[in-house]
Amino acid sequence: MSGFLLPTLSRKSDVDCIIRDTLDKVLLLRFGRAADPLCLHFDEILSKASHEVSKFATIALVDVESEEIQVYVKYFDITLIPSTVFFFNAHHMKMDSGTADHTKWVGSFHSKQDVIDVVEAIFRGAMKGKLIVSCPLPPESIPRFQLLYKDV
(Lines give C-alpha, C1' and ligand atoms only; values in the text may rest on other atoms or scores of the structure.)
Protein backbone atom coordinates (compact mmCIF):
# COMPACT_ATOMS: atom_id res chain seq x y z
CA MET A 1 0.00 0.00 0.00
CA SER A 2 2.03 2.96 -1.23
CA GLY A 3 -0.57 5.59 -0.29
CA PHE A 4 1.53 6.13 2.82
CA LEU A 5 4.10 7.95 0.67
CA LEU A 6 1.65 10.78 0.08
CA PRO A 7 0.96 13.28 2.89
CA THR A 8 -2.48 12.98 4.48
CA LEU A 9 -4.07 16.20 5.69
CA SER A 10 -6.71 16.09 8.41
CA ARG A 11 -6.63 19.66 9.74
CA LYS A 12 -7.94 22.80 8.06
CA SER A 13 -4.73 24.65 8.88
CA ASP A 14 -2.70 21.97 7.05
CA VAL A 15 -4.87 22.35 3.94
CA ASP A 16 -4.67 26.15 4.14
CA CYS A 17 -0.89 25.97 4.47
CA ILE A 18 -0.31 23.60 1.55
CA ILE A 19 -2.60 25.65 -0.72
CA ARG A 20 -0.84 28.88 0.25
CA ASP A 21 2.73 27.51 0.17
CA THR A 22 2.68 25.43 -3.04
CA LEU A 23 4.15 27.86 -5.56
CA ASP A 24 4.78 27.35 -9.28
CA LYS A 25 3.42 23.80 -9.04
CA VAL A 26 0.02 22.21 -9.45
CA LEU A 27 -1.44 21.10 -6.14
CA LEU A 28 -3.63 18.01 -6.42
CA LEU A 29 -5.82 17.41 -3.35
CA ARG A 30 -7.59 14.03 -3.27
CA PHE A 31 -10.59 14.19 -0.93
CA GLY A 32 -11.59 10.76 0.33
CA ARG A 33 -11.52 8.14 3.07
CA ALA A 34 -8.51 5.98 3.88
CA ALA A 35 -10.66 2.86 4.27
CA ASP A 36 -12.63 3.24 1.02
CA PRO A 37 -11.57 0.65 -1.62
CA LEU A 38 -11.89 3.09 -4.54
CA CYS A 39 -9.84 5.69 -2.64
CA LEU A 40 -7.17 3.07 -1.90
CA HIS A 41 -7.01 2.18 -5.59
CA PHE A 42 -6.80 5.85 -6.55
CA ASP A 43 -4.11 6.46 -3.90
CA GLU A 44 -2.06 3.66 -5.45
CA ILE A 45 -2.32 5.33 -8.88
CA LEU A 46 -1.43 8.74 -7.38
CA SER A 47 1.56 7.25 -5.56
CA LYS A 48 2.87 5.73 -8.77
CA ALA A 49 2.47 9.04 -10.62
CA SER A 50 3.83 11.27 -7.84
CA HIS A 51 7.50 10.83 -8.72
CA GLU A 52 6.97 11.58 -12.41
CA VAL A 53 5.04 14.78 -11.73
CA SER A 54 7.13 15.92 -8.76
CA LYS A 55 8.88 18.69 -10.73
CA PHE A 56 5.59 20.43 -11.53
CA ALA A 57 3.05 19.06 -9.04
CA THR A 58 2.46 18.21 -5.39
CA ILE A 59 -0.05 15.53 -4.42
CA ALA A 60 -1.74 15.32 -1.01
CA LEU A 61 -4.61 13.31 0.42
CA VAL A 62 -7.37 15.01 2.42
CA ASP A 63 -9.32 12.98 4.99
CA VAL A 64 -13.02 13.84 4.60
CA GLU A 65 -13.78 12.12 7.92
CA SER A 66 -11.98 14.88 9.83
CA GLU A 67 -14.30 17.41 11.44
CA GLU A 68 -11.94 20.31 10.64
CA ILE A 69 -11.97 19.48 6.93
CA GLN A 70 -15.77 19.78 6.66
CA VAL A 71 -15.47 23.45 5.68
CA TYR A 72 -13.64 22.35 2.49
CA VAL A 73 -16.00 19.43 1.93
CA LYS A 74 -18.94 21.86 1.95
CA TYR A 75 -17.16 24.58 -0.03
CA PHE A 76 -16.15 22.22 -2.88
CA ASP A 77 -19.42 20.24 -2.59
CA ILE A 78 -17.63 16.92 -2.05
CA THR A 79 -20.55 14.50 -2.13
CA LEU A 80 -18.92 11.62 -4.03
CA ILE A 81 -15.51 10.26 -3.15
CA PRO A 82 -12.85 10.24 -4.25
CA SER A 83 -12.97 13.82 -5.52
CA THR A 84 -9.91 15.74 -6.65
CA VAL A 85 -9.43 19.50 -6.57
CA PHE A 86 -6.54 21.27 -8.31
CA PHE A 87 -4.74 24.52 -7.41
CA PHE A 88 -1.90 26.56 -8.88
CA ASN A 89 -0.32 29.37 -6.84
CA ALA A 90 -3.33 29.30 -4.48
CA HIS A 91 -5.80 29.69 -7.38
CA HIS A 92 -8.46 27.03 -7.80
CA MET A 93 -7.91 25.45 -11.20
CA LYS A 94 -10.91 24.10 -13.08
CA MET A 95 -11.04 21.53 -15.86
CA ASP A 96 -13.66 21.11 -18.57
CA SER A 97 -14.03 17.35 -18.92
CA GLY A 98 -17.43 17.43 -20.59
CA THR A 99 -19.25 16.99 -17.28
CA ALA A 100 -21.52 19.46 -15.51
CA ASP A 101 -18.95 20.09 -12.75
CA HIS A 102 -15.71 21.80 -13.79
CA THR A 103 -14.59 22.51 -10.21
CA LYS A 104 -13.32 19.02 -9.38
CA TRP A 105 -12.58 15.58 -10.78
CA VAL A 106 -15.06 13.06 -9.38
CA GLY A 107 -13.95 9.43 -9.25
CA SER A 108 -10.62 7.77 -9.86
CA PHE A 109 -8.29 7.99 -12.82
CA HIS A 110 -7.86 4.78 -14.81
CA SER A 111 -4.07 4.85 -14.97
CA LYS A 112 -0.93 6.60 -13.86
CA GLN A 113 -0.62 8.12 -17.34
CA ASP A 114 -4.09 9.69 -17.02
CA VAL A 115 -2.96 11.47 -13.83
CA ILE A 116 0.22 12.66 -15.52
CA ASP A 117 -1.67 13.93 -18.58
CA VAL A 118 -4.24 15.85 -16.52
CA VAL A 119 -1.70 17.41 -14.16
CA GLU A 120 0.50 18.39 -17.11
CA ALA A 121 -2.46 19.99 -18.92
CA ILE A 122 -3.37 21.97 -15.80
CA PHE A 123 0.25 23.05 -15.32
CA ARG A 124 0.60 24.20 -18.94
CA GLY A 125 -2.70 26.09 -18.78
CA ALA A 126 -1.80 27.70 -15.47
CA MET A 127 1.57 28.83 -16.82
CA LYS A 128 -0.36 30.62 -19.59
CA GLY A 129 -2.60 32.33 -17.01
CA LYS A 130 -5.68 30.17 -17.57
CA LEU A 131 -7.96 29.22 -14.67
CA ILE A 132 -9.83 26.55 -16.65
CA VAL A 133 -8.31 24.01 -19.01
CA SER A 134 -9.69 21.33 -21.31
CA CYS A 135 -9.34 17.74 -20.18
CA PRO A 136 -6.71 15.94 -22.28
CA LEU A 137 -8.24 12.50 -21.71
CA PRO A 138 -10.48 10.72 -24.21
CA PRO A 139 -14.19 10.70 -23.27
CA GLU A 140 -14.16 6.97 -22.40
CA SER A 141 -11.56 7.66 -19.66
CA ILE A 142 -13.72 10.26 -17.92
CA PRO A 143 -15.98 8.96 -15.13
CA ARG A 144 -19.64 9.91 -15.64
CA PHE A 145 -22.07 10.49 -12.82
CA GLN A 146 -25.69 11.50 -12.97
CA LEU A 147 -26.06 14.73 -11.03
CA LEU A 148 -29.27 15.12 -9.07
CA TYR A 149 -30.20 18.51 -7.70
CA LYS A 150 -32.46 18.60 -4.66
CA ASP A 151 -35.14 21.27 -4.33
CA VAL A 152 -34.40 22.93 -7.68
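Rules of the game
- Residues numbered from 1 in each chain as written.
- Predicted model: local features only at pLDDT ≥ 70, side-chain atom pairs only at ≥ 80, totals over all residues.
- Heavy atoms only, no water.
- UniProt positions renumbered as here; feature names shortened; annotations may be inferred.
- Phe/Tyr/Trp six-rings, centres within 6.5 Å; stacked < 30°, edge-to-face > 60°.
- Helix = DSSP H or I, 4+ residues; strand = E, 2+ residues; numbered from the N terminus.
- Buried < 20%, exposed > 50% of the residue type's maximum accessible area, 1.4 Å probe, protein only.
- Salt bridge = Lys/Arg side-chain N within 4 Å of Asp/Glu carboxyl O.
- Contact = heavy atoms within 4.5 Å.

The name that an unreviewed UniProt entry assigns to the chain is Thioredoxin-like protein 4B, with the source organism given as Ensete ventricosum. Here the chain is described in UniProt, under the heading Subunit (unreviewed entry), as follows: "Homodimer. Interacts with the U5-102 kDa protein subunit of the spliceosome." Listed under Function (unreviewed entry) in UniProt, the entry text for the chain is "Essential role in pre-mRNA splicing. Required in cell cycle progression for S/G(2) transition."

Q: Looking at this structure, how should I read the packing of aromatic side chains?
A: For any pair of aromatic rings, the description rests on two quantities: the centre-to-centre distance and the angle between the ring planes. Under the criterion given, the structure shown has 8 aromatic pairs. Arranged with centres 5.6 Å apart and planes meeting at 45°, the rings of Phe42 and Phe109 form a pair that is tilted. You can see Phe42 sitting in helix 2 (residues 37-50) and its partner Phe109 sitting in the loop between strand 6 (105-106) and helix 4 (112-127), a full 67 residues away along the chain. We note that Phe42, like Phe109, is buried. Ring centres of Phe56 and Phe123 lie 5.5 Å apart, and the angle between their planes is 45°; this geometry places the pair in the tilted category. Of this pair, Phe56 sits in the loop between helix 2 and strand 3 (57-63) while Phe123 is found in helix 4, placing the two residues 67 residues apart along the sequence. Under the relative-accessibility criterion, Phe56 is labelled buried at 16%.

Q: Explain unusual backbone geometry to me, please; I cannot follow it from the model alone.
A: Most peptide bonds adopt trans geometry, and most residues besides glycine take a negative phi value. Of the consecutive residues Ile81 and Pro82, the connecting peptide bond is found in the cis state with omega at -5°. Within the fold, Pro82 resides in the loop between helix 3 (70-75) and strand 4 (83-88). Phi angles above zero are rare outside glycine, and Asp77 is one such case at about 55°. Of note, Asp77 is situated in the loop between helix 3 and strand 4. For Asp77, a relative accessible area of 46% puts it in the partly exposed group. Of note, the phi angle at Asn89 is positive, near 50°, even though the residue is not glycine. Position of Asn89 among the secondary structure elements: in the loop between strand 4 and strand 5 (91-96).

Q: What exactly am I supposed to notice about the pattern of salt bridges here?
A: Two side chains bearing opposite charge may form a pair once their charged atoms approach each other closely. In the structure shown here, the tally under the stated rule is 7 salt bridges. Note that Asp21 and Arg20 form a salt bridge whose closest N and O atoms lie 3.1 Å from each other. Across the pair Lys112 and Glu52 runs a salt bridge, and its minimum N-O distance is 2.6 Å. One end of the pair, Lys112, is in helix 4; the other, Glu52, is in the loop between helix 2 and strand 3, with 60 residues separating them in the sequence. You can call Lys112 partly exposed: its relative accessible area is 31%.

Q: Can you walk me through the side chain of Thr84 in this structure?
A: By secondary structure assignment, the location of Thr84 is in strand 4. A relative accessible area of 0% means that Thr84 is categorised as buried. Sequence-distant contacts of Thr84, defined by excluding residues within four places in its chain, comprise Leu28, Leu29, Arg30, Phe42, Lys104 and Trp105.

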